[in-house]
Amino acid sequence: MKNFIYDIPTKVFFGRDEELHVGDRLKEFGATKVLLHYGGHSAEKSGLLGKVRASITDAGIPFVELGGVRANPSIELVRKGIKLCIDEGVDFILAVGGGSVMDSSKAIAHGAANPDVDEWDIQTRKVPFTKSLKKGCILTIAAAGSEMSDSCVISNDELHQKKGINCPQNRMLFAIEDPCLTFTVPAYQTACGAVDITMHTLERFFNKGDHTELTDALACAVMRENNKAGKICVTDPTNYDARATMMWASSVAHNDLTGLGRGKFLQLHQFEHVVSAVYPEIAHGAGLAALWPAWARYNMPYNKDRWALFAKEVWGVEVDPAHPEEAASKAIDMQENYYRSIGMPVRLTELSPKITEADVEKFADLVSEHGNRVLDGPKPLDRDDILAIFKNAYK
């Protein structure tokens, strides 16, 4: 087991109607002026934003608003939010939404606390930083795990880049998680969330490491139960228990718990980030689903025993110790068929009609930084490996 530091400062308020107390939570964490940050019209139509505004007002805390966060949040809106925070003297950002809203909030918090630096330079690690504004969130979709992660991913459309940064300053101080808020999430977005949750854990599970039996057991339980809950949520969207399982799995999958002692590099995410950087309309979870079968089959021969453990603990496949690859292959087929069953694409050609065979070379160049980057893992992936996976995903 590798050395690790585990420090999660996020306080979680989980359950029905917890969002009604957000004003009290903001007071608890010392907010004096808040930026209320959100996405499109769904939070307004559902009445959630009205409840949030009322709770903040009742707490006597002034606030300003910025909506319009899209999937794959943009640096352009982040810069707008930074200016608003500086002009208005905001000291706390409240994200109401999913991973995109939370990541946008994190980037705004960094930029507003470091006004002499362009946020893209922070996001691309050109400039080190230690200061950030306080932030919390109300979760409305179980997916990205940004509510408890130290990750923030932002897109730059002008440069066709999507860059992530991991740092302690990305942690939310609190996360309000009411499963009822996810009842109206469409089936497609629910399925995308189920994919992302599993991938956050699965990619950690296949990092290099040894003697992590307890972490492995936690990881397999998250993947197994999330698969079950995700299928139920797609077909029975108001099932509270299934929604609750997915919501908590979202947080646990990306708060580092499921990779302790192994590492946290998410190899497949590097593939998806370039695809949705070039085509920002692509949903992140759908992109992961489309790429995963090719990535899994390419990697499996280099780590057969670990894939066999995944087969046994997540999918209940009986393993022949003399031929672990047979169980591993069966489990990969089962996971792929599961994605089909919840309406997810499993090939790039199913993901978007815009993606052409010519894009495959471009994607490989972007992931490998034109051959100058190798992705770490049990099978380190150079440009030739990366290109082979993209080609297999396109077939």
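Reading the values: rules and limits
- Residues numbered from 1 in each chain as written.
- Predicted model: local features only at pLDDT ≥ 70, side-chain atom pairs only at ≥ 80, totals over all residues.
- Heavy atoms only, no water.
- Salt bridge = Lys/Arg side-chain N within 4 Å of Asp/Glu carboxyl O.
- Core = buried A, V, L, I, M, F, W, Y, C linked by side-chain atoms within 4.5 Å.
- Buried < 20%, exposed > 50% of the residue type's maximum accessible area, 1.4 Å probe, protein only.
- Helix = DSSP H or I, 4+ residues; strand = E, 2+ residues; numbered from the N terminus.
- Phe/Tyr/Trp six-rings, centres within 6.5 Å; stacked < 30°, edge-to-face > 60°.
- Pairing = 2+ DSSP bridges.

Brief notes about the pattern of salt bridges
Enumeration over the complete set of coordinates arrives at 26 salt bridges. The partner of Arg53 in a salt bridge is Glu44, and the shortest N-O contact between them spans 2.9 Å. Each member of the salt-bridge network shares a partner with another, and the members are Asp150, Arg171, Arg204, Asp256 and Lys264.

Some points on the nonpolar core
Among the nonpolar cores identified, the biggest contains 102 residues, and Phe271, Trp292, Trp295, Trp307, Tyr339 and Phe390 are the most heavily contacted of them. With 10 residues, the single largest contributor to this core is helix α11 (residues 284-299). Core analysis: the next-biggest nonpolar cluster, separate from the first, contains 22 residues, Val22, Leu26, Ala31 and Leu36 among them.

Examining the packing of aromatic side chains
Counted under the stated rule, the structure contains 15 aromatic pairs. With a centroid separation of 6.1 Å and 90° between ring planes, the pair formed by Trp292 and Tyr339 is classed as edge-to-face. Taken together, the residues Trp292 in helix α11 and Tyr339 in helix α13 (residues 324-341) connect sequence positions 47 residues apart. Look at Trp292 and you get buried, because its relative accessible area is 0%. Residue class for Tyr339 comes out buried when judged on its relative accessible area of 0%. An aromatic cluster is defined as three or more aromatic residues linked by ring pairs; in this entry it consists of Phe205, Phe206, Trp292, Trp295, Trp307, Phe310, Trp315, Tyr338 and Tyr339.

Examining the pairing of strand β8 (residues 174-177)
Burial along β8 is two-sided: Phe174 and Ile176 and Ala175 and Glu177, pointing in opposite directions, are all buried. Both strand β1 (residues 11-14) and β8 contribute to a ladder of four bridges, which runs parallel. Along β8, the bridge assignment pairs Val12 with Ala175. Pairing analysis gives four bridges linking strand β5 (residues 134-139) to β8, with the strands arranged parallel. By the bridge assignment for β8, Leu139 is matched with Glu177.

Note that all results are geometric; they support no functional claim without further evidence.
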